[in-house]
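# A closer look at the structure
These are the residues of each chain, in order.
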Amino acid sequence: MSEHVYKLIEVAGSSTTGYDDAIRKAVSKAGESLDHLDWFEVKEMRGHIIDGQIAHFQVVLKIGFRLD
């Protein structure tokens, strides 16, 4: 197994559809400007309620990417 060094960032993703969609959007957006994304961890989950209904899902992710 090779040894790697990682940098960690935090990003927040949101969706009107669900938590899974919010996670996928956040990882996809981070991947547009960063290389070697290797893992993520969900740190926080929350939502926004309007008139008794869920309006938005939000997740805060910690993403790790390999440094060259």
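Going by the structure above, here's the rest.
These numbers come from a predicted model, not from an experiment.

## So, helix α1 (residues 19-33)
Along its 15 residues, α1 runs 22 Å from first to last C-alpha, staying within 8% of the 21 Å computed at 1.5 Å per residue. Those residues of α1 hidden inside the fold are in contact with β1 (6-15), β2 (37-50) and β3 (53-66).

## Some details on the pattern of salt bridges
Considering all chains together, one arrives at six salt bridges under this definition. The salt bridge involving Arg-24 is made with Asp-20; its shortest N-O contact spans 2.8 Å. Taken together, the residues span about one helical turn, with Arg-24 and Asp-20 both in helix α1 at a distance of four residues. Judged by relative accessible area, Asp-20 falls into the partly exposed class, the value being 47%.

## A few points about the side chain of Ser-15
Within the secondary structure layout, Ser-15 lies in strand β1. Within the structure, the side chain of Ser-15 is placed 2.8 Å from the backbone nitrogen of Thr-17, a separation counted as a polar contact. Side-chain polar atoms of Ser-15 contact the side chain of Asp-21, separated by 2.6 Å. Other than its neighbours up to four places away in sequence, Ser-15 contacts Asp-21, Ala-22, Lys-25, His-56 and Phe-57.

Analysis parameters
- Residues numbered from 1 in each chain as written.
- Predicted model: local features only at pLDDT ≥ 70, side-chain atom pairs only at ≥ 80, totals over all residues.
- Heavy atoms only, no water.
- Helix = DSSP H or I, 4+ residues; strand = E, 2+ residues; numbered from the N terminus.
- Expected span 1.5 Å × (residues − 1).
- Contact = heavy atoms within 4.5 Å.
- Salt bridge = Lys/Arg side-chain N within 4 Å of Asp/Glu carboxyl O.
- Buried < 20%, exposed > 50% of the residue type's maximum accessible area, 1.4 Å probe, protein only.
- Polar contact = N/O pair within 3.5 Å; in protein donor to acceptor, adjacent residues only side chain to side chain.

Shape is all these values report; function is a separate question.
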